[in-house]
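Structural overview
Spelled out, the chains give:
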Amino acid sequence: MRRREFLTMPAKSLGGLLLYTLAGEPVRVQAQDGTVRVPLRFFTADEARVVAAACERIFPSDENGPGATETGVVIYIDRQLAGPYGRDRYRYTKGPFVESVPEHGYQGQANPREIYREGIRLLGDFADLPAAQQDERLQAIEQTVFFQMLRAHTIEGMFSDPMHGGNAGLIGWQLIGFPGPVMSYRDEIDRYHGLPWRPKPKSLEQVTRRRVKGWEEEVD
Amino acid sequence: MRRLKPVDVVIVGGGWTGLLMAKEITSRTALSVVVLERGPARKTEDYATTMDELDYAIRLRLMQNIAEETVTHRHSSADRAGPIRQHGSFLPGTGVGGAGEHWNGISYRFLPDVFTLATHWREKYGRAPLPEELAVEDWGVTYEELEPCYWRAEQMMGVSGKAGNLRGRLIEGGNVFEGPRSQEYPTPPLKSSYLSTLFRKAALDLGYHPYPAPAANLSESYTNPDGISRPGCAYCGYCERFGCMIGAKAQPTNTLLPVLARKKNFTLRTGCWARRVTHRDGRAEGVVYVGPAGEEVLQPAQTVVLASWTLNNTRLLLLSGIGEPYDAASGKGTLGKNLTHQVGAGAQVFLDKPLNAFMGSGSLGVAFADLDGDRALDRSSGVLRGGHFQTGSTGNRPIATFGATPPGEAESNWGAAWKKAALAWRDKVAGVGFSGEHLSYRQNYMDLDPTYTDKHGDRLLRLTLDWTEHERRQAAYGGGILAELAKALGPKAINLSPPLGRYTVTRYQGTHIQGGVIMGGSPERSVVNPYLQHWRTPNLWVVGASAFPQNGSGNPTLTVLALTYRAADAFVDRYSKRPGALL
Ligand SMILES: Cc1cc2nc3c(=O)[nH]c(=O)nc-3n(C[C@H](O)[C@H](O)[C@H](O)COP(=O)(O)OP(=O)(O)OC[C@H]3O[C@@H](n4cnc5c(N)ncnc54)[C@H](O)[C@@H]3O)c2cc1C
Ligand code: SF4
């Protein structure tokens, strides 16, 4: 058993406080003395701090609106890596592993968990650096598989359904005016031509009134 | 190995083609039919809680698990192939309904001359030589012969659209360049999105003939000739890569399965992975498969039908040692040849008004076919076949679409400056596309990989495929028209897709993979006859886009279904009465 690790963050920085445990049970994380402690499934607390800091540079919280921190992107990534995706259950991983042409994409043996562990190690004291130096460090690794994954996962964590751990309080969807899953646009599709239609976003659970489990919850 | 009681017909694959063959045979004969599908059972109710972009559109929860079986790829016979380790340029389906569960539903007919392209070119160019490497063939069936089957496929699915050529009479607003149709579409076109409206106007301004893209996503409630009723589309925008939760999109599970469920002579077995067709002296004897508990089973049958999509149709024949594998060096052999995909180009157009592009439907769009085929082309262009142009309002979901910025506006694709620009342009980015015919070449083919294997230890299929100068010219030609079209949309900025380089497996280009088990008029040049019956093993039928000698410019499935109806007719009306070679 791994030691229980927690991500500790200021309560007001996280948009929504409804989180799920590994067993898929909803828990309300209590804000005591202004901080929340989120149980981690894969990262250590130190690793989570590095990843959270890097995601914040990729999708910063600034005068143009909230970013990776408020939406809980690092929690999203933690869960993806803890689940079957993190262990490459859906990638062809038989050898031999041979460097191939760029048109064949990533051909390596390392799975997403291993790619993150190594990437985080190379980022070192990243979480304690000033923003400008953090950006330099990320620029230096822009072409790596790790960074490309991190960028893709940041966007996923911003804009996926909150059941996956990110997009807390539907902040990501509010930011871009995405309504979430809507059963029907029959009455809207040929009206609102050139005019924005921006209903308040709803999650899949709110729309279907059913608790839906993400694929990452599947035990294998 | 467990040996089961023999059945009349065993079908490998429970997707569009497998279930359509099963429906026709069990409805019109008393023959016992068993379908073997390696994926899980699926039904409309499963889709009630699947409107989740991450799991279904990004992680591809409905697709084949590529960890268990993939294909390898190389650009030429001289290269070493590498496995496609994660899904990319195409997305094979799994489970009952196959890729037909999570398709878009776009349902074009092919141009008449696609079916007789070799002859057409001889007539058009006489003896003037075409590139030596071309492997283009006639299909052995004409558009006129196929037309009634196209119509049956359209009726079965209830395709929504507008005819442009009714028995030779041209109709404004439909595709006036299509082959003559015997009937108007079963249902009227879908509603028009804002983008559709803009595109139609731009195309008209340029002198083209736009028409609503034909959609297997119903515009209104409809009952098909089998008595199956489905409701009209809700434009929910969770369409391709998802199953339809209300059954508005035609899928095998909401059109064919309800009919089959009532048939006593039909059995569906899921979790059954076919590995070999057993055969002796030019006769197929049955199918060996691995069942849900991992047990090896032999299902003997009078007739075997392969309906496992292009890649597995080809692979199962290669693994079973049926037919002569194609040898690219000598040009000998027919099995595996004429591999094609789809030629494409695209442009992002940055507009000044919001599109509400999250609303949409898998086939909602507008197209024009003025430059399809070669009617408008001359030899000097260096382009032998064109294609069609279209826009789609398929439902923009945020993970896949957020982040587009006009060229030069943000230096990087992350960070504060990118975020600001991406937020400013969100929901104002329209996509327009070109889809061209991919011709067949001697050097593009499939065989078995010498190195990599699937989870059962069977050799993977190896694709040898690259674009030639011709496809690069085609894409550049399409790109030029797209640039004009984009300008006519009154854009703030335009982003054209880069020129076509080498074939890449990492970018999605459509689940339109054709060839390998091609149809044709002679056993020397094709594997199956024009009824999709194997030339040398007449109790073996191979249905699907594996039969295409080359590709049309439109999406393949309607043509696949039309060919399957034609095969089923030949099977029921002739073969089931007198089994044996039809030709
Ligand atoms: C995202 C997406 C969008 C698409 N959009 C369009 C569109 O708009 N228009 C269009 O025309 N086409 C579209 N297509 C393509 C369309 O889905 C296919 O052309 C069509 O489903 C092919 O039908 P099929 O029966 O040949 O194969 P499938 O539907 O793929 O069915 C084959 C079945 O065989 C099974 N199988 C394979 N091997 C074995 C084995 N060894 N043993 C047992 N079972 C096996 C598979 O699990 C699968 O269920 C799209 C596809 C995708 C993925
Ligand atoms: S867009 Fe229409 S056809 Fe597609 S899934 Fe939604 S309701 Fe069904």
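Coordinates for the structure precede this section.
What comes next concerns the included structure. In this text, all values refer to a predicted model and were calculated from it rather than measured experimentally. (Residues numbered from 1 in each chain as written. Chains lettered and ligands numbered in written order. Predicted model: local features only at pLDDT ≥ 70, side-chain atom pairs only at ≥ 80, totals over all residues. Heavy atoms only, no water.)

**Some remarks on the overall build of chain B**
The secondary structure content of chain B amounts to twelve helices and 22 strands. Relative to the globule expectation of 25 Å for 583 residues, the C-alpha radius of gyration of chain B, 23 Å, shows essentially globular dimensions. Projected onto its principal axes, the C-alpha coordinates of chain B cover approximately 65 × 55 × 50 Å. Counting every position in chain B, which comprises 583 residues, the buried fraction comes to 65%. Long-range pairs, those at least 24 residues apart, make up 75% of the contacts in chain B between residues at least 6 apart in sequence. (Helix = DSSP H or I, 4+ residues; strand = E, 2+ residues; numbered from the N terminus. Rg over C-alpha atoms; globule rule 2.2 N^0.38 Å. Buried < 20%, exposed > 50% of the residue type's maximum accessible area, 1.4 Å probe, protein only. Contact = heavy atoms within 4.5 Å.)

**Some points on the overall build of chain A**
When you go through chain A residue by residue, the secondary structure sums to eight helices and four strands. In chain A, the order of α-helices and β-strands from amino to carboxyl end is β-β-β-β-α-α-α-α-α-α-α-α. Residues counted as buried form 51% of the 220 residues belonging to chain A. With the model as given, the accessible surface of chain A reaches about 10,500 Å², and the carbon-plus-sulfur share is 52%. (Areas by Shrake-Rupley, 256 points an atom, 1.4 Å probe, with all protein chains shown as cover.)

**Brief notes about the site of ligand 2**
Residue and element names in this part refer to chain B. The local shell around ligand 2 holds 14 residues, among which Cys233, Ala234, Cys236, Cys239 and Cys244 are the closest. At a threshold of 2 Å from the grid points, most atoms of ligand 2 map onto the second largest cavity. Of the residues that constitute the shell around ligand 2, the class distribution is nine nonpolar, four polar and one charged. (Near = heavy atom within 4 Å. 1 Å grid on protein atoms, 1.4 Å probe; cavity = no way out; pocket = protein on both sides within 12 Å on 5 of 7 lines; lining within 4 Å. Sits in = over half its atoms within 2 Å of the grid points. Nonpolar A, V, L, I, M, F, W, Y, C, P; charged D, E, K, R; others polar.)

**Re the environment of Ala416 of chain B**
Within the secondary structure layout, Ala416 of chain B lies in helix H10 (residues 416-425). For the pair formed by Ala416 of chain B and Thr391 of chain B, sequence separation is 25 residues and the distance between their alpha carbons is 31 Å. In contact with Ala416 of chain B, not counting residues within four places along its chain, are Pro60 and Asp62 of chain A.

**Side note on the interface of chain B and chain A**
Counting residues at the interface gives 69 residues for chain B, matched by 76 residues for chain A. Of all residues in chain B, Arg59, Arg85 and Trp414 of chain B give up the largest surface area on contact with chain A, accounting jointly for 15% of the area buried on that side. Linking chain B with chain A are five salt bridges, by the criterion used here. Among the salt bridges present, the one from Asp62 of chain A reaches Lys419 of chain B, with a minimum N-O distance of 2.9 Å. Taken together, the links from chain B to chain A amount to 39 residue pairs in polar contact (both at pLDDT 80 or more). Mapped by element, the contributors of at least two residues to the side of chain B that touches chain A are helix H2 (53-58), strand S4 (71-74), strand S5 (82-83), helix H5 (194-205), helix H9 (398-401), H10 and strand S19 (445-453) of chain B. Top contributing element to the side of chain B that touches chain A by residue count: H10 of chain B, with five residues. Taken together, the residues that form the side of chain B that touches chain A break down as 32 nonpolar, 21 polar and 16 charged. (Buried area = accessible area lost by both parts, 1.4 Å probe. Salt bridge = Lys/Arg side-chain N within 4 Å of Asp/Glu carboxyl O. Polar contact = N/O pair within 3.5 Å; in protein donor to acceptor, adjacent residues only side chain to side chain.)

**Overview of the sheet that holds strand S20 (residues 459-464) of chain B**
Whether parallel or antiparallel, the strands of a sheet pair through hydrogen bonds between backbone atoms. Residues and elements named next belong to chain B. Spatially, four strands are ordered S5-S4-S20-S19 in an open sheet, and the strand pairing comes out mixed. The sheet terminates laterally at S5 and S19, the two strands that pair on one side only. In this sheet, S20 lies alongside S19 in antiparallel orientation, the contact comprising five bridges. Looking at S20, one finds that Tyr445 is bridged to Thr464. (Pairing = 2+ DSSP bridges.)

**Overview of the sheet that holds strand S16 (residues 365-368) of chain B**
All names here are of chain B. Spatial strand order, S8-S16-S17-S18-S15-S21: six strands in an open sheet with antiparallel pairing. In the strand order of this sheet, the two ends are held by strand S8 (211-212) and strand S21 (493-496), each with one partner. Note: S8 against S16, two bridges, orientation antiparallel. Directly across from Tyr211, in S16, lies its bridge partner Ala367. Running at roughly 15° to S16, H5 makes contact with S16, strand S17 (387-392) and strand S18 (429-436) of the sheet. Sitting on the sheet, helix H11 (residues 469-488) is in contact with strand S15 (343-350), S16, S17, S18 and S21, with an inclination near 25° to S15. (Axes fitted to C-alpha atoms, helices over the stretch in contact; angles between N-to-C directions.)

**Re the nonpolar core**
One finds Ile11, Met21, Trp139, Met157, Leu306 and Trp541 of chain B to be the most contacted residues of the largest nonpolar core, which totals 101 residues. Of the residues forming this core, the biggest block, twelve residues, is contributed by helix H12 (residues 557-575) of chain B. Mapped onto the domain boundaries, this core takes at least three residues apiece from domain 1 (1-112 + 265-342 + 513-583) and domain 2 (160-249 + 343-437 + 467-502) of chain B. Contact partners of Met21 of chain B, with chain neighbours within four places excluded, come to Ile11, Val305, Val543, Thr564, Ala567, Ala568 and Phe571 of chain B. Counting 75 residues, the second-largest nonpolar core is a separate cluster that includes Leu138 and Ile155 of chain A together with Ala57 and Phe358 of chain B. (Core = buried A, V, L, I, M, F, W, Y, C linked by side-chain atoms within 4.5 Å. Domains from an automatic or database assignment.)

**Structural notes on the packing of aromatic side chains**
All names here are of chain B. In this structure the tally under the stated criterion is 35 aromatic pairs over all chains. On the numbers, 5.7 Å between centres and 80° between planes, the contact of Phe402 with Trp418 is edge-to-face. Remark: Trp418 occurs in helix H10 and Phe402 occurs in the loop between H9 and H10; sequence separation between them is 16 residues. Just as Phe402 is buried, Trp418 falls in that class too. Through successive ring pairs, a cluster of aromatic residues spans Phe199, Tyr208, Phe368, Phe389 and Phe434. Positioned above the aromatic ring of Tyr531, the side-chain terminus of Arg574 is 5.4 Å from the ring centre. (Phe/Tyr/Trp six-rings, centres within 6.5 Å; stacked < 30°, edge-to-face > 60°. Lys NZ or Arg CZ within 6 Å of the ring centre and 35° of its normal.)

**A few points about empty space enclosed by the protein**
Residues and elements named next belong to chain B. One pass over the full model with this rule turns up six cavities of 30 Å³ or more. Taken together, 22 residues line the largest cavity, and the ones lying closest to its centre are Tyr108, Arg109, Asn175, Tyr211 and Asp372. Considering only residue class, the lining of the largest cavity consists of ten nonpolar, seven polar and five charged. Both domains that meet at the lining of the largest cavity, namely domain 1 (1-112 + 265-342 + 513-583) and domain 2 (160-249 + 343-437 + 467-502), each give it at least three residues. (Points joined across faces, edges and corners; volume = space filled by probe spheres on them.)

**Structural notes on the pattern of salt bridges**
Residue and element names in this part refer to chain B. All chains considered together, the criterion is met by 44 salt bridges over all chains. Its salt-bridge partner being Lys23, residue Glu24 comes within 3.1 Å of it at the nearest N-O pair. Note on accessibility: Glu24 and Lys23 belong to one class, buried. Counted as one network, the salt bridges with shared partners bring together Lys23, Glu24, Arg28, Arg152, Asp226, Asp569 and Asp573.

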